[in-house]
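Structural overview
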Amino acid sequence: MVVLVTGASGQLGQSIQFIAPQYPEMQFIFASSSDLDITNQEKVNTFFTQNKVNFCINTAAYTAVDKAESDIQKAHLVNVIGSKNLALACQKFDISLIHISTDFVFDGTSSEPYSESDKTNPIGVYGQTKLEGENEVIQNCDKHFIIRTSWVYSQFGNNFMKTMLRLAQDKTELNVVADQIGTPTNAVDLAKAVLNIIERSWKLEAGSLETSNSHLLPPIYGIYNFSNEGVCSWYDFAKEIFRVNNVSIAVNPIPTEAYPTPAKRPKYSVLDKSKIKTIFGIEIQTWQEALSQIK
């Protein structure tokens, strides 16, 4: 099968490239924004005409949460129009679309993990454009999987873990927000989950998957949550990052109000993963285990 990965230079795109050799049955096409501009419908259609694709993983996104507050047009262009263009092309060429979304579609006022069916209510431009992108995918592509995830980090790209380790090189103490609660997600674990979904979907379509397990049968398209297991604050996450990497530094817990940012963040964004575990049989490790595997 042929799997197209958009946004291939981002951390999830790089994480998929990292594990791609483990999936010899998949032929990958890795496309960065210079290879495939998803905001241009004509270029998207031309690309899909020239390349036979079975699955498209859309990791391309405008993810600069604070910058999005003032760069609304660009965030909308990538997260909404780009998603729509891919969805239309996937529908036209009968391609399954795996679209990566975010916990920022919720407002963070819950006290229990969010399920896929909970009411969305984004509180910033980034979350709003990602939600609109989800809706474009749903409306324009029948064969879609939307994967909502949270607090993504990895050894690739820019992320909280790498920022903490960089800052620790020059500082003796750091102040980190302790009243925003969620779950860190190792991008490599997310990549494995996405490819697991593709494997099972391919086998179901081919009729080669054992169907005695009714929970593996369609309908399988729709919205799914994925993060590592467990709950923590950014402060907890920072402390564990330094512990795992043997970095000695003082970390001080502070409230959100002490670290003002242009965009509001959800105070609580823990995701309920029951659906993806049940439908696809995916086993998820804790965020601490996942973090310890990055050296």
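The structure presented is a predicted model; accordingly, all values stated were derived computationally and were not measured.

Cut-off values and rules
Residues numbered from 1 in each chain as written. Predicted model: local features only at pLDDT ≥ 70, side-chain atom pairs only at ≥ 80, totals over all residues. Heavy atoms only, no water. Helix = DSSP H or I, 4+ residues; strand = E, 2+ residues; numbered from the N terminus. Rg over C-alpha atoms; globule rule 2.2 N^0.38 Å. Buried < 20%, exposed > 50% of the residue type's maximum accessible area, 1.4 Å probe, protein only. Contact = heavy atoms within 4.5 Å. Areas by Shrake-Rupley, 256 points an atom, 1.4 Å probe, with all protein chains shown as cover. Lys, Arg positive; Asp, Glu negative; His and termini not counted. Charge placed at Lys NZ, Arg CZ, Asp CG, Glu CD. Polar contact = N/O pair within 3.5 Å; in protein donor to acceptor, adjacent residues only side chain to side chain. Salt bridge = Lys/Arg side-chain N within 4 Å of Asp/Glu carboxyl O. Pairing = 2+ DSSP bridges. Axes fitted to C-alpha atoms, helices over the stretch in contact; angles between N-to-C directions. Expected span 1.5 Å × (residues − 1). Bend = angle between axes of the 7 residues up to and from the residue. Parallel < 35°, antiparallel > 145°, perpendicular 65-115°, else oblique. Left-handed = near helix turned anticlockwise from the far one by under 90°.

1. Structural notes on the overall build of the protein chain
Secondary structure summary: the protein chain contains 10 helices and 12 strands in total. The C-alpha radius of gyration of the protein chain comes to 19 Å, within 12% of the 19 Å expected for a compact globule of 295 residues. Along the longest, intermediate and shortest principal axes, the C-alpha atoms of the protein chain span 55 × 45 × 35 Å. Split into buried and exposed, the 295 residues of the protein chain put 54% on the buried side. A fraction of 82% describes how many contacts in the protein chain between residues 6 or more apart in sequence connect residues 24 or more apart. As presented, the protein chain carries roughly 13,400 Å² of accessible surface, and 48% of it is formed by carbon and sulfur atoms. The distance from the centre of the 25 positive side-chain charges to the centre of the 31 negative ones in the protein chain is 3 Å.

2. Regarding the side chain of Asn 54
With respect to the element layout, Asn 54 can be found in the loop between helix H2 (41-50) and strand E3 (55-58). At a separation of 2.8 Å, a polar atom in the side chain of Asn 54 contacts the main-chain amide nitrogen of Val 2. Apart from residues no more than four positions distant in its own chain, Asn 54 is found in contact with Met 1, Val 2, Ile 95, Ser 96 and Trp 202.

3. Details of the pattern of salt bridges
In the structure shown here, the tally under the stated rule is 7 salt bridges. The closest approach of N and O atoms between Arg 265 and Asp 66, which form a salt bridge, is 2.5 Å. Here Arg 265 is found in the loop between strand E12 (250-254) and helix H9 (274-280), whereas its partner Asp 66 is found in helix H3 (residues 65-68), with 199 residues between them in sequence. Given the relative accessible area of 26%, Arg 265 is considered partly exposed. With relative accessibility at 23%, the residue Asp 66 sits in the partly exposed group. Where Glu 134 meets Arg 148, a salt bridge forms, and the shortest distance between an N and an O atom there is 2.7 Å. With a gap of 14 residues between them, Glu 134 in helix H5 (residues 125-140) and Arg 148 in strand E5 (residues 144-149) connect regions that are remote in the sequence. The exposure classification of Glu 134 matches that of Arg 148, with both residues buried. Connected via shared salt-bridge partners are Glu 229, Lys 273 and Lys 277.

4. Description of the pairing of E3
Residues of E3 alternate between two faces, with Phe 55 and Ile 57 on one and Cys 56 and Asn 58 on the opposite face, all of them buried. Pairing of E3 with strand E4 (residues 96-102) involves 4 bridges; the strand directions are parallel. Counterpart to Asn 58 in the pairing with E4 is His 99.

5. Considerations on the sheet that holds strand E1 (residues 2-6)
Reading across the sheet, the 6 strands line up as E2-E1-E3-E4-E5-E10 and stay open at both edges, with parallel pairing between neighbours. Only two strands of the sheet have a single partner each, and these edge strands are strand E2 (27-31) and strand E10 (222-225). Across this sheet, the average inter-strand angle for adjacent strands is 20 degrees, counted without regard to direction. Strand contacts of helix H1 (residues 11-19): E1, E2, E3 and E4, with the helix running at about 150 degrees to E2, the strand carrying the most contacts.

6. Regarding unusual backbone geometry
One non-glycine residue, Asp 94, lies in the positive phi region at around 55 degrees. Tracing the sequence through the fold places Asp 94 in the loop between helix H4 (72-92) and E4. Overall, Asp 94 belongs to the exposed group, its relative accessible area being 52%. One non-glycine residue with positive phi stands out, namely Trp 151, at about 50 degrees. By relative accessible area, which is 10% here, Trp 151 ends up buried.

7. Concerning H4
Note that an α-helix has 3.6 residues per turn; residues three or four places apart therefore point the same way. Taking 1.5 Å as the rise per residue, H4 with 21 residues should run 30 Å; its terminal C-alpha atoms sit 29 Å apart, in good agreement. Bending of H4 peaks at approximately 25 degrees at the position of Ile 81. Next to the buried residues of H4 lie E1, H2, E3, H3, E4 and H5. Taken from the residues just after H4, Asp 94 is the one with a positive phi, measuring 55 degrees.

8. Overview of the packing of H1 against helix H7 (residues 187-206)
Contact geometry of H1 with H7 gives a least axis separation of 8 Å together with a crossing angle of 70 degrees. Our classification of the angle between H1 and H7 gives roughly perpendicular. Here H1 and H7 pass one another in a crossing that is right-handed. Every residue of H7 that contacts H1 at Gln 11, Leu 12, Ser 15, Ile 16, Phe 18 and Ile 19 is listed here: Ala 187, Val 188, Leu 190, Ala 191, Lys 192 and Leu 195.

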